[in-house]
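One letter stands for each residue in the lines below.
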Amino acid sequence: MEQAGYKVILEAEVEKERRFHQREDEQRAENLMKMWSNPDVKAIIAATGGYGAVRVLPYLDPDVFRRNPKIFVGYSDITALHLWLVRRAHVRAFHGPTLDDLYTGVSDPTVRSLLSALTDPRPQDKLTGFGVRAVRPGRAVGRLTGGNLSLVQQTIGTPYEIDTRGAILFLEETRDPMSFVDERLVHLRSAGLLREVRGIVFGQLSIDRCEEDEFQNFLLDLLPDFDGPILMDFPAGHEAPNLTLPLGTEVEMVSEGSTGWLSYREDALAVTEERPRLSLV
């Protein structure tokens with residue numbers, strides 16, 4: 001990041017070993033809000049994914065984030081923070097690489113995509129990659145939402161439950177058998193969260209590759225009434241490249257021929273619609 005011209009401030013506790021105590025959760029929340037309120041900080045990139053982001057959510061104040069919208073990047077466990085920010089603070093976020101993914105240098109597609117999102121409110125290049133597969137053709141426009149499937153599932157029934165109404169839903173998962181992905185998608189469907197989705201983008205699903213064809217057939221069987229576009233093998237998630245995606249931002253999804261892409265339809269940091277304030281529970 002410094003080679004790309006950015007000044008980097010490293011949070012003092014970034015290398016601290018976590019023990020997942022309540023007081024530590026409170027301290028992590030305080031540190032995040034302090035960084036977020038710092039006018040000199042224009043973007044925050046998570047150091048890694050892992051486990052425990054959901055533990056800090058009860059100690060975050062939505063007003064702190066709403067008053068100081070800025071770029072926030074991460075993936076995997078960071079999905080919990082993304083969905084909380086979008087639903088409770090009404091600010092946008094970026095599904096993209098964590099700091100430990102950026103060792104490859106500025107010529108790497110993952111790094112290039114991140115730098116593009118950091119420097120251009122509405123990049124003109126299509127978000128796509130070699131190997132993206134069109135499972136069901138079509139075009140759709142909607143707010144991009146989603147992230148890691150297991151973390152998305154964990155929001156069900158919470159005050160920050162993922163809002164999929166009129167959305168383009170992006171999902172990725174890592175190192176789980178097809179049965180786990182199956183159960184999580186069935187749960188989303190049973191909760192009614194696939195009913196008003198306009199398009200579905202499956203990122204990197206690190207399932208057993210011998211199950212791939214069966215998984216595609218499963219998807220079509222799971223969504224018999226869904227006539228929107230579906231893409232698979234989109235280059236975002238736990239494998240390289242991991243492109244940066246603007247969550248909460250209106251995008252266009254195109255699935256045609258054998259491939260497809262996403263493109264921005266508005267600035268990623270535009271002011272969001274004012275909504276009634278929700279209290280923490």
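Just so it is clear, the structure is predicted and the values come from calculations on it, not from any experiment.

A. Spatial organisation of the pairing of strand E7 (residues 199-205). Summarising burial for E7: 7 of the 7 residues are buried, a large majority. Judged from the 5 bridges that link them, strand E6 (residues 167-173) and E7 form a sheet pairing that is parallel. Pairing of phenylalanine 170 across the sheet is with valine 201, part of E7. Where the polypeptide runs from E6 across helix H7 (residues 178-190) and back to E7, its parallel neighbour, the crossover connection is right-handed. Relative to strand E8 (residues 230-232), E7 runs parallel, the two sharing 2 bridges. Considered in E8, the bridge of isoleucine 200 is made with isoleucine 230.

B. Examining the sheet that holds strand E1 (residues 43-45) more closely. What the 4 strands build is an open sheet, ordered E1-E2-E3-E9; its pairing is mixed. Where the open sheet ends on each side, the last strands, each with one partner, are E1 and strand E9 (245-247). On average, each strand axis in the sheet is tilted by 25° relative to the strand beside it, whichever way the strands run. By the bridge criterion, 2 bridges tie strand E2 (residues 71-74) to strand E3 (residues 93-95) in an arrangement that is parallel. Bridging from a neighbouring strand, valine 73 pairs with phenylalanine 94 of E3.

C. How the structure looks around the sheet that holds strand E5 (residues 138-148). Taken together, the 7 strands give an open sheet; going across it, the order is E4-E8-E7-E6-E5-E10-E11, and neighbouring strands pair in mixed fashion. Since the sheet does not close on itself, it has two edges, and those belong to strand E4 (133-136) and strand E11 (259-264), each with one partner. Put simply, the sheet's adjacent strands are angled 30° from each other on average, direction ignored. Examined bridge by bridge, E4 and E8 share 3 bridges and lie antiparallel to one another. When the sheet's bridge partners are listed, arginine 136 is paired in E8 with isoleucine 230.

D. Looking closely at the pairing of E6. Taken across its 7 residues, E6 has 7 buried, putting it largely inside the fold. Alternating positions in E6 separate into two faces, Ala167, Leu169, Leu171 and Glu173 on one and Ile168, Phe170 and Glu172 on the other, with burial throughout. In this structure, E5 lies alongside E6, joined through 6 bridges in parallel fashion. Across the sheet, glycine 147 pairs through a bridge with leucine 171, a residue of E6.

E. Layout of the environment of proline 58. Positionally, proline 58 belongs in the loop between helix H2 (53-56) and helix H3 (62-67). Judged by its relative accessible area of 47%, proline 58 is partly exposed. Residues proline 58 and glycine 260, 202 residues apart in the sequence, show an inter-C-alpha distance of 38 Å.

F. How the structure looks around unusual backbone geometry. In the segment running from alanine 240 into proline 241, the intervening peptide bond is cis, with an omega of -5°. If you trace the backbone, proline 241 turns up in the loop between E8 and E9. One non-glycine residue, serine 76, lies in positive phi territory at about 65°. Examined against the element boundaries, serine 76 turns out to sit in the loop between E2 and helix H4 (79-89). Not every positive phi belongs to a glycine, and aspartate 233 is a case in point at roughly 60°. Position of aspartate 233 relative to the elements: it lies in the loop between E8 and E9.

Rules used in this analysis
- Residues numbered from 1 in each chain as written.
- Predicted model: local features only at pLDDT ≥ 70, side-chain atom pairs only at ≥ 80, totals over all residues.
- Heavy atoms only, no water.
- Buried < 20%, exposed > 50% of the residue type's maximum accessible area, 1.4 Å probe, protein only.
- Helix = DSSP H or I, 4+ residues; strand = E, 2+ residues; numbered from the N terminus.
- Pairing = 2+ DSSP bridges.
- Right-handed = clockwise from strand over helix to strand, strands pointing away.
- Axes fitted to C-alpha atoms, helices over the stretch in contact; angles between N-to-C directions.

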